[in-house]
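# Descriptive structure summary
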Amino acid sequence: MSAASCLLSEDQFLCSICLDVFTDPVTTPCGHNFCKNCINEHWNSNDQYLCPLCKKVFNTRPELHINTFISEMVSHSSEQQAAKPGEVPCDVCTGTKLKALKSCLVCLTSYCETHLETHLTKSGLKRHQLIDPVENLEDRMCMKHDKPLELFCKTDQTCVCMLCSVLDHKTHEFVPLKEEYEGKKAELGKTEAEIQEMIQKRRLKIEEIKHSVDLSKKAADREKAEGVQVFTALKESIERSLNELIETIEEKQRTTEKQAEDFIKELEQEISELKKRSSEVEKLSHSEDHLHVLQNFPSLKAAPPTKDWTEVNVHPPSYEGTVVKAVAQLEETLSKQMKKLLAEFELKKVQQYAVDVTLDPDTAHPKLILSGDGKQVYCGDEKKNLPNNPERFSYCVFVLGKQSLSSGRFYFEVQVKEKTKWNLGVARESINRKGDITLRPQDGYWTIWLRNGNEYSARTNTPVRLSLKSRPQKVGVFVDYEEGLVSFYDVDAAALIYSFTGCSFTEKLYPYFCPCVNDGGKNSAPLIICPVNQTV
């Protein structure tokens, strides 16, 4: 069939009625071929049964049979794919261009499967160089000598033909195209790896950006929720104040109305008594009984006992200043409530940076007793025999946490309940750990402390006494490394105790703890590192 297919052109596979490739090809008695459906429709729409090509008329409608030879040829042809956009088409095909399988560097022509057959069977064409199909084959020929580009000039970094190597480039260095191709292919492999790495980095960057957007959305949603909560609380306060104002005004009005009702009731009772007396006087005045009139006159002449209403008045209550006073009270209430809410939300925000802090026994003073889980510490009465390593405090009863911070934020909470003395905060890595120590930022300590049960102070370079509304039972410590901030919170009251601001951190920071001495059992309670539970 392949040999036969070479004798037929693409036009011979086309129906002359629909001008497309045969579908169910049939042959008329005069020897012409058509699609079965096409010729049947043609005859159905005409009065005569004639051939559309030779115009031969048939007396009766011919019986049509499938032309198996042409059907097989069409089937074989259709198995070969037509060239799609971006694919190299066969240069020999007429009509529908089939996809080329090979390009010949000698013929400078691309061939489909059918038209390639002669290059595979004829001895003269077998020697031609076939490559995977490419477009613009003329670009592979030397423009000057019309010879194939077979060599690569390393001197000029260009492809040349054989004549170029002995004429124009005779003193240059040459290598076969394949050799240079292998080198360039290796470079391309490296370039491809670099590009893939760049792609991967950009994909990671996309994920990073998407993650940032997700974090931003979560933060936005959280802020909106907190905003709704804060403003709802404030709105409820305003509504309560408005209701109280209305109740106060209405209570005044009710009191006024009650007073007026009592006066009216009393007046109506006196009117009733007077009407009764008036009736008796009128009746007596019409009596003809001299004795009866004289006997009752004294008792009826005098008016019945009544109240002097001359100075009695109902004074409308004064509402002046009621609204102003209510607004002033509301302002004070809202101010306190906003401060409390903001403090609660500030604490909630810093609690998001909670870290799991444990005590470092290698730094603990020999008198300190640490729990097995590294969460509690108190001061014993006897000094243990421990190695005096460089990290250990030798004079002050201090201990550091194992965890450090050199960027970002962290937060932890410590129970100080039932203690009369304690120190808490953070310390930089290079602090002095031997001998007496002064707690102040210039020496690497950012701390607050309690003394004598109720004396709190921030250990700044010049200590600041702190006036606290309540005695903290649990203290939160927050650090923002880049911001240069160390803040202390009363966790239960959700109140800020003190903040060190404008600090300059240049090395690792560690959580710092000092339970202070036992003081004869008065200060025996331990400092306890607690799990963080968000307050709001």
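Located above this text is the structure these notes cover.
Remember, it's a predicted structure, so these values are computed and weren't measured experimentally.

## Looking at the overall build of the chain
Each helix and strand counted, the chain has 9 helices and 23 strands in total. Scaling as 2.2 N^0.38, a compact globule of 536 residues should have a C-alpha radius of gyration of about 24 Å, whereas the chain reaches 54 Å, well beyond that. Structurally, the chain occupies a C-alpha span of about 165 × 110 × 45 Å along its principal axes. Within the chain, the fraction of its 536 residues that count as buried is 32%.

## Notes on the packing of aromatic side chains
The relation between two aromatic rings is expressed through the spacing of the ring centres and the mutual angle of the planes. Counted by the stated rule, this structure contains 15 aromatic pairs. Centroid distance Trp-446 to Phe-505: 5.1 Å. Interplanar angle 80 degrees. Geometry classified as edge-to-face. In this pair, Trp-446 is assigned in strand S16 (residues 445–451) and Phe-505 in the loop between strand S21 (495–500) and strand S22 (509–514), connecting sequence segments 59 residues apart. There is no split in this pair, since Trp-446 and Phe-505 are both buried. Taking the centre distance of 5.1 Å and the plane angle of 80 degrees together, the rings of Tyr-498 and Phe-500 count as edge-to-face. Across the pair, Phe-500 and Tyr-498 agree in class, each one buried. In textbook terms, an aromatic cluster arises when at least three aromatic residues are bridged by ring pairs, as seen for Phe-393, Phe-398, Tyr-445 and Tyr-512. In this structure, Arg-451 is placed above the aromatic ring of Trp-449, and the distance from its NZ or CZ to the ring centre is 3.7 Å. Its end group placed over the ring of Trp-449, Arg-459 keeps NZ or CZ at 3.6 Å from the ring centre.

## Re the sheet that holds strand S11 (residues 368–370)
Spatial ordering of the open sheet is given by S11-S12-S23-S14-S19-S20-S21, a layout of 7 strands whose pairing is antiparallel. For this open sheet the edge positions go to S11 and S21, each flanked by a neighbour on one side alone. Taking each pair of neighbouring strands and ignoring which way they run, the sheet shows an average axis angle of 20 degrees. In this structure, strand S19 (residues 474–480) lies alongside strand S20 (residues 485–490), joined through 6 bridges in antiparallel fashion. Within S20, the position partnered with Phe-478 by the bridge is Ser-487. The strands touched by helix H9 (residues 322–351) within the sheet are strand S14 (409–415), S19, S20 and S21, with S14 carrying the most contacts at an inclination of about 110 degrees.

## Comments concerning unusual backbone geometry
One non-glycine residue, Asp-24, adopts positive backbone phi at about 50 degrees. In this structure, Asp-24 sits in the loop between helix H1 (2–7) and strand S1 (25–27). For Asp-24, a relative accessible area of 47% translates into the label partly exposed. The backbone of Ala-494 sits at a positive phi, close to 50 degrees, despite the residue not being glycine. Position of Ala-494 among the secondary structure elements: in the loop between S20 and S21. Taking relative accessible area as the criterion, Ala-494 reaches 7% and is therefore assigned buried.

## Remarks on the pairing of S22
Counting buried residues in S22 gives 6 out of 6 residues, a clear majority hidden from the surface. Pairing analysis gives 2 bridges linking strand S13 (residues 399–400) to S22, with the strands arranged antiparallel. In the sheet register, Leu-400 faces S22, and the bridge partner there is Tyr-512. As paired elements, strand S15 (residues 422–428) and S22 share 6 bridges and run antiparallel to each other. Its bridge partner being in S22, Asn-423 is matched across the sheet by Cys-514.

## Describing the side chain of Asn-67
Structurally, Asn-67 is set in the loop between strand S4 (57–58) and helix H3 (68–79). Given the relative accessible area of 17%, Asn-67 is considered buried. In this structure the side chain of Asn-67 is engaged in a polar contact, spanning 2.8 Å, whose partner is the side chain of Thr-27. Polar side-chain contacts of Asn-67 include one of 3.2 Å to the backbone nitrogen of Phe-69. Setting aside chain neighbours within four positions, we find Asn-67 in contact with Pro-25, Val-26, Thr-27 and Asn-33.

## Topic: the environment of Leu-400
Tracing the backbone through its elements, the reader meets Leu-400 in strand S13. Assessed through its relative accessible area of 1%, Leu-400 is described here as buried. Separated by 57 residues in the primary sequence, Leu-400 and Ser-457 place their C-alpha atoms 21 Å from one another. With residues near it in sequence (within four places) discarded, Leu-400 still touches Thr-358, Leu-359, Asp-360, Thr-363, Phe-393, Ala-427, Ile-431, Arg-433, Tyr-510, Pro-511, Tyr-512 and Phe-513.

## Quick notes on the sheet that holds strand S5 (residues 102–104)
Hydrogen bonds between backbone groups are what pair the strands of a sheet, and the pairing can be parallel or antiparallel. On the basis of which strands lie adjacent, the open sheet formed by 3 strands has the order S6-S5-S7 and antiparallel pairing. Bordering the open sheet on either side are strand S6 (109–111) and strand S7 (130–131), each of which pairs with just one other strand. Sheet analysis places S5 next to S7, joined by 2 bridges and oriented antiparallel. Considered in S7, the bridge of Cys-104 is made with Leu-130. Where helix H4 (residues 113–121) meets the sheet, it contacts S5, S6 and S7, and its direction lies at approximately 110 degrees from that of S6.

## Digging into the nonpolar core
Grouped together as the largest cluster of nonpolar side chains are 50 residues, with contacts concentrated most on Phe-398, Trp-422, Tyr-445 and Phe-513. Broken down by element, the residue count for this core peaks at 5 residues, all from S22. Those residues in contact with Tyr-445 that sit more than four places away from it in its chain are Phe-393, Phe-398, Val-426, Ala-427, Ile-431, Asn-432, Ile-437, Thr-438, Leu-439, Arg-440 and Tyr-512.

## Some words on the side chain of Arg-459
Following the sequence through the fold, Arg-459 ends up in the loop between strand S17 (455–458) and strand S18 (464–466). One buried charged side chain, Arg-459, makes no salt bridge at all; its nearest oppositely charged neighbour is Glu-455, positioned 8.8 Å away. Residue contacts for Arg-459: discarding those within four places in its chain leaves Leu-439, Arg-440, Pro-441, Thr-447, Ile-448, Trp-449 and Phe-500.

## Concerning the packing of helix H7 (residues 177–285) against H9
Their axes nearest at 10 Å, the elements H7 and H9 cross at an angle of 160 degrees. When the axes of H7 and H9 are compared, the pair comes out roughly antiparallel. For the crossing formed where H7 meets H9, the hand is right-handed. By residue class, the composition of the contact of H7 with H9 is 13 nonpolar, 5 polar and 6 charged.

Calculation criteria
- Residues numbered from 1 in each chain as written.
- Predicted model: local features only at pLDDT ≥ 70, side-chain atom pairs only at ≥ 80, totals over all residues.
- Heavy atoms only, no water.
- Helix = DSSP H or I, 4+ residues; strand = E, 2+ residues; numbered from the N terminus.
- Rg over C-alpha atoms; globule rule 2.2 N^0.38 Å.
- Buried < 20%, exposed > 50% of the residue type's maximum accessible area, 1.4 Å probe, protein only.
- Phe/Tyr/Trp six-rings, centres within 6.5 Å; stacked < 30°, edge-to-face > 60°.
- Lys NZ or Arg CZ within 6 Å of the ring centre and 35° of its normal.
- Pairing = 2+ DSSP bridges.
- Axes fitted to C-alpha atoms, helices over the stretch in contact; angles between N-to-C directions.
- Contact = heavy atoms within 4.5 Å.
- Polar contact = N/O pair within 3.5 Å; in protein donor to acceptor, adjacent residues only side chain to side chain.
- Core = buried A, V, L, I, M, F, W, Y, C linked by side-chain atoms within 4.5 Å.
- Lys, Arg positive; Asp, Glu negative; His and termini not counted.
- Salt bridge = Lys/Arg side-chain N within 4 Å of Asp/Glu carboxyl O.
- Parallel < 35°, antiparallel > 145°, perpendicular 65-115°, else oblique.
- Left-handed = near helix turned anticlockwise from the far one by under 90°.
- Nonpolar A, V, L, I, M, F, W, Y, C, P; charged D, E, K, R; others polar.

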